[in-house]
Amino acid sequence: MRRKTVNKKVIAFKLILIVLLGAILGTSLFFSAKIETALGIGDKEKISSYADKTQIVEDDLTIHYLDVGQGDCTFICLPDGTNMMIDASLSSKADHIIEYVTALGVTQIDYFILTHSDSDHCGGAKKIFDAFEIKNIYRPFEIAMDASNSTIPYADEKLASYYTSHESEKYSLVTTNVYRNFITAAYGEKYTENGVEKQAKVTVSYDGLKIIANNTDVNFTFEFFAPLIRSTTAFDYESTQTYGYPTKIYDEDREGHKVASGVTKNSCSGVMLLEYKENSFLFTGDATNLVEDDVRDSLTASERARFEKVNVFQAGHHGAETSNSEEFLNLIQPTYVVVSCGLNNKYKHPSEAFVQRLENLSHDVNDYLLRTDKMGDIVFGYSEDGSLLYYASQAGSGNAITVYWWEIALGIFVVVTVVIISVKFTKNVHATTKRVVNKVKKYK
Ligand SMILES: [Zn+2]
């Protein structure tokens with residue numbers, strides 16, 4: 001009889017403990033960001049930590065890595081009040097992009113940058129150009145051609161003849177509908193300023209090209225380091241159209257094999273570094289390891305120093321094996337790596353080899369692999385005190401967010417379990433000792 005009462009009490013105690021534990025864990029889920037801050041998790045050797053959306057200052061720099069499936073689209077609100085979009089993902093993702101950017105209060109895009117002609121980067125451009133006025137367009141040097149009769153549309157006809165007269169062998173021809181539509185839209189794009197309609201300025205991106213703040217209150221730089229080589233002289237054409245000058249075309253892979261398509265579109269990608277306050281953000285489009293090699297080789301000592309500690313690196317080519325080389329990652333030593341990729345994509349991006357390379361880095365970056373397929377839209381910004389923070393739209397589904405909450409939960413659970421077991425064990429030891437002592441007494 002007495003034994004049963006004890007069991008009931010123990011069961012009741014355990015139940016209360018489980019309910020209490022559940023309540024603590026449940027509540028802590030809602031305050032995970034606050035708990036992290038209070039416990040100092042994420043602040044130790046890191047310059048940024050997962051934040052509440054409200055902790056990010058709205059009119060300071062914010063970088064939005066949009067969740068656009070297997071493609072790229074990054075929207076940047078620059079600290080001087082201007083804004084920038086890098087790539088426009090697939091046509092099917094344009095609605096999400098337009099909705100997202102509109103919600104930020106944007107009607108005009110100051111800088112639109114297309115890294116290269118692939119449809120997962122330029123597919124949505126036409127719809128975005130229809131939805132917003134674009135003031136400045138930065139395009140790749142790839143030349144658009146008409147698929148049916150191989151004639152080059154007006155704008156690119158001039159570009160082709162310019163290249164032919166300078167470097168006859170060095171250009172890349174593209175015949176896809178999406179790229180032709182982009183080129184046509186770019187040269188037809190108009191915007192209004194002070195009630196006056198103006199033609200958008202189209203620039204062929206090249207190494208050394210810079211975008212700087214339009215007022216002296218803030219200081220940021222956005223600079224291209226590819227596709228073209230530093231010694232290139234830019235050609236100013238009709239004052240609104242500046243053409244770069246391709247001095248190198250990538251027609252073979254890193255192992256020296258000729259590529260089937262003649263020139264890899266990915267290797268036409270721009271490589272761009274954004275620097276603001278103490279932080280830097282690197283964008284490489286789908287640039288291949290060959291482009292990364294050339295960028296490394298082309299850097300002066302001071303430029304190299306700027307590449308040596310990149311705070312946020314948007315993984316090249318969605319985390320592909322043939323980009324993000326060990327040598328490049330060792331140079332940039334990224335604190336955070338953002339991968340823009342589709343859930344269960346057929347390319348298996350990010351590749352295992354790439355993730356392994358991150359794990360091999362001398363510092364711990366792997367906890368900070370932020371994936372749009374797992375976390376949704378990922379946003380970096382600054383807190384009131386000027387530290388770098390990030391948040392993601394699908395909070396809880398990404399490693400970087402849940403890991404801290406589970407660490408706390410697991411910690412509490414383990415401590416409670418250890419206490420229960422040790423109390424029980426001590427009681428048992430006492431009982432056993434008593435029995436042994438009694439038995440010994442008996443035999444005496
Ligand atoms: Zn791509």
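Please read these numbers as outputs of a predicted model, since none were measured by experiment.

1. Considering the overall build of the protein chain
Right, on to step 1. Tallying secondary structure elements over the protein chain gives 13 helices and 22 strands in all.
Right, on to step 2. Here the protein chain holds 444 residues, and the buried ones make up 40% of them.
Right, on to step 3. Expressed as a percentage of contacts within the protein chain between residues at least 6 apart in sequence, the contacts between residues at least 24 apart total 68%.

2. Thoughts on the pairing of strand β13 (residues 220-226)
Right, on to step 1. In this sheet, β13 lies alongside strand β12 (residues 210-212) in antiparallel orientation, the contact comprising three bridges. Residue pairing for β13: Ile211 is matched across the bridge by Phe222.
Right, on to step 2. Here six bridges tie β13 to strand β16 (residues 271-276), and the two strands are oriented antiparallel to one another. For Ala226, the partnering residue across the bridge sits in β16 and is Val271.

3. Quick word on the sheet that holds strand β17 (residues 279-283)
Right, on to step 1. Strands sit in the order β12-β13-β16-β17-β18-β19-β20 across an open sheet of seven strands; the sheet is mixed. The open sheet has two edge strands, β12 and β20 (369-371), and neither has a second partner. Across the sheet, the mean angle from the axis of one strand to that of its neighbour is 15 degrees, orientation sign disregarded.

4. Overview of the pairing of β16
Right, on to step 1. In terms of residue burial, β16 counts as a mostly covered element, since five of its six residues are buried.
Right, on to step 2. With five bridges joining them, β16 and β17 adopt antiparallel strand pairing. Looking at the pairing, Tyr276 lines up with Asn279 of β17.
Right, on to step 3. Where β16 folds back onto β17 in an antiparallel hairpin, the turn is made up of two residues, including Lys277, whose phi is positive at roughly 50 degrees.

5. Remarks on helix α8 (residues 289-298)
Right, on to step 1. Those residues of α8 lying buried are Asn289, Val291, Glu292, Asp294 and Val295.
Right, on to step 2. Of the surrounding secondary structure, the elements contacted by the buried residues of α8 are β13, β16 and α10 (326-332).

6. Topic: unusual backbone geometry
Of all residues except glycine, most have a negative phi; of all peptide bonds, most are trans.
Right, on to step 1. Here the residue pair Ala226 and Pro227 is connected by a cis peptide bond, since its omega of 20 degrees sits within 30 degrees of zero.
Right, on to step 2. Relative to the assigned elements, Pro227 resides in the loop between β13 and β14 (235-237).
Right, on to step 3. Here the bond from His349 into Pro350 is cis, since omega is -5 degrees, no more than 30 degrees from zero.
Right, on to step 4. With respect to the helices, strands and loops of the structure, Pro350 is situated in the loop between β19 (336-339) and α11 (352-360).
Right, on to step 5. Positioned with a positive phi, Asp87 is a non-glycine residue whose angle comes to about 70 degrees.
Right, on to step 6. The backbone phi angle of Asn344 is positive, close to 50 degrees, even though this residue is not glycine.

7. Some points on the confidence of the model for the protein chain
Right, on to step 1. Averaged over every residue, the pLDDT of the protein chain is 83; residues scoring 70 or more account for 80%.
Right, on to step 2. The low-confidence segment residues 42-48 (pLDDT under 50) makes 15 contacts with residues lying over four places distant or belonging to another chain.
Right, on to step 3. A low-confidence stretch, residues 395-403 stays under pLDDT 50, and its non-local contacts, those more than four residues away or across chains, total 18 contacts.

8. A closer look at the environment of Phe141
Right, on to step 1. When you line up the elements, Phe141 lands in the loop between β6 (133-139) and β7 (143-144).
Right, on to step 2. C-beta crowding within 10 Å serves as the criterion here: with 22 such atoms nearby, Phe141 is assigned to the buried category.

9. Structural notes on the environment of Ala213
Right, on to step 1. Position of Ala213 relative to the elements: it lies in the loop between β12 and β13.
Right, on to step 2. Through-space distance from the C-alpha of Ala213 to that of Asp80 is 5.8 Å; in sequence the pair is 133 residues apart.
Right, on to step 3. Those residues in contact with Ala213 that lie beyond four places of it in its chain are Asp80, Val218, Asn219 and Phe220.

Rules used throughout
Residues numbered from 1 in each chain as written. Predicted model: local features only at pLDDT ≥ 70, side-chain atom pairs only at ≥ 80, totals over all residues. Helix = DSSP H or I, 4+ residues; strand = E, 2+ residues; numbered from the N terminus. Buried ≥ 20, exposed ≤ 12 C-beta atoms within 10 Å, placed from the backbone. Contact = placed C-beta atoms within 7 Å. Pairing = 2+ DSSP bridges. Axes fitted to C-alpha atoms, helices over the stretch in contact; angles between N-to-C directions. pLDDT = per-residue confidence, 0-100.

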